[in-house]
Amino acid sequence: MLALGAGGWKAVTSESGTAGGFLVVAGVLLLIAPFVIDRIERVSVSGTGFELGLSREVAEQGAPKTAAIIDRSALAQLTEAYGVLREVLPDPTYTDARAYVQDVLLRRAGTISQREKFDADEIRSLFANGTPVMRVMVLGLMGGDPSLADAASLAQAISKPATHTEQYEALKLADRLWKRFTGPEQAMIRSAAHEAPVSTKGNRYAIVQKILAKPAG
């Protein structure tokens with residue numbers, strides 16, 4: 001019964017690259033293990049054939065192709081683990097641990113979308129209707145395969161973000177992919193950046209100013 005829970009954390013530790021990263025994950029794992037097992041191991045195969053709660057949820061939202069990929073790649077497990085960490089350890093004491101696992105999730109999602117073919121319509125629908133954790137996963141997928149990114153999703157994430165992480169990742173993507181967008185799409189993103197609720201201090205504000213200064217077209 002521990003296999004699925006271990007799978008999610010194996011995905012985290014396999015990308016750590018450092019002993020320090022492993023210790024961060026190991027420490028928080030001891031604290032949230034009961035929650036991880038409860039959330040990740042929701043195993044009762046449904047009519048769709050998906051065992052993991054997140055992949056079933058993705059399939060039920062009309063994205064069966066995406067569900068199949070994240071189910072077999074352990075991305076669903078990793079996303080669930082990140083969601084548990086955000087939910088049960090919100091205290092600022094664990095900010096570094098949350099940031100670390102979040103970074104692993106984004107990198108893993110990007111790596112998977114570089115080698116797997118996702119359906120762009122499914123991805124955009126998931127972003128529009130998904131939970132905050134799912135939206136972070138989707139931004140990671142967009143980062144790995146820019147063809148999945150669209151101006152409307154990024155504009156929404158910038159002007160009306162569910163989390164600061166979502167806004168920051170969307171701003172970075174908008175900046176990096178700027179030349180891929182048409183003039184009207186750039187105007188949409190620039191307008192979103194102008195309306196973005198950000199502090200005048202920090203990385204998000206710096207990227208907002210960079211986007212606002214970009215030439216049109």
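The structure this text deals with has already been given above.
Summarised in this report is the structure supplied together with it. (Residues numbered from 1 in each chain as written. Predicted model: local features only at pLDDT ≥ 70, side-chain atom pairs only at ≥ 80, totals over all residues. Heavy atoms only, no water.)

**Regarding the overall build of the chain**
Per the secondary structure count, the chain includes 12 helices and 0 strands. A burial count over the chain gives 50% of its 217 residues as buried. In the chain, of all internal contacts separated by at least 6 residues, the share reaching a separation of at least 24 is 67%. Carbon and sulfur atoms make up 55% of the accessible area of the chain, which amounts to about 10200 Å² in all. (Helix = DSSP H or I, 4+ residues; strand = E, 2+ residues; numbered from the N terminus. Buried < 20%, exposed > 50% of the residue type's maximum accessible area, 1.4 Å probe, protein only. Contact = heavy atoms within 4.5 Å. Areas by Shrake-Rupley, 256 points an atom, 1.4 Å probe, with all protein chains shown as cover.)

**Quick look at the environment of Ser191**
Relative to the assigned elements, Ser191 resides in helix 11 (residues 183–195). Residue Ser191 is classed as partly exposed on the basis of its relative accessible area, which comes to 36%. Each C-alpha atom of the pair Ser191 and Leu212 lies 8.4 Å from the other, and the pair is 21 residues apart in sequence.

**Quick notes on the pattern of salt bridges**
Inspection of every chain in the model, using the stated rule, returns 8 salt bridges. Between Arg72 and Glu116 there is a salt bridge, and its shortest N-O distance comes to 2.8 Å. In this pair, Arg72 sits in helix 4 (residues 64–73) while Glu116 sits in the loop between helix 6 (95–115) and helix 7 (120–129), placing the two residues 44 residues apart along the sequence. Overall, the relative accessible area of 55% leaves Arg72 in the exposed class. Notably, a salt bridge pairs Lys214 with Asp175, separated by 2.9 Å at the nearest N-O pair. On the criterion of sequence distance, the pair formed by Lys214 in the segment after helix 12 (203–212) and Asp175 in helix 10 (residues 164–176) is long-range, its members being 39 residues apart. We classify Lys214 as buried; its relative accessible area is 17%. A single salt-bridge network, built from bridges that share partners, covers Asp175, Lys210 and Lys214. (Salt bridge = Lys/Arg side-chain N within 4 Å of Asp/Glu carboxyl O.)

**Regarding the packing of helix 3 (residues 53–60) against helix 5 (residues 75–88)**
Two numbers describe how helix 3 lies on helix 5: the axes approach to 8 Å, and their chain directions differ by 105°. One finds that helix 3 runs roughly perpendicular with respect to helix 5. Residue-level inspection shows Gly53, Leu54 and Ser55 of helix 3 in contact with helix 5, the latter providing Ala76, Thr79 and Glu80. A breakdown of the residues in the contact of helix 3 with helix 5 according to their chemical character gives 2 nonpolar, 3 polar and 1 charged. (Axes fitted to C-alpha atoms, helices over the stretch in contact; angles between N-to-C directions. Parallel < 35°, antiparallel > 145°, perpendicular 65-115°, else oblique. Nonpolar A, V, L, I, M, F, W, Y, C, P; charged D, E, K, R; others polar.)

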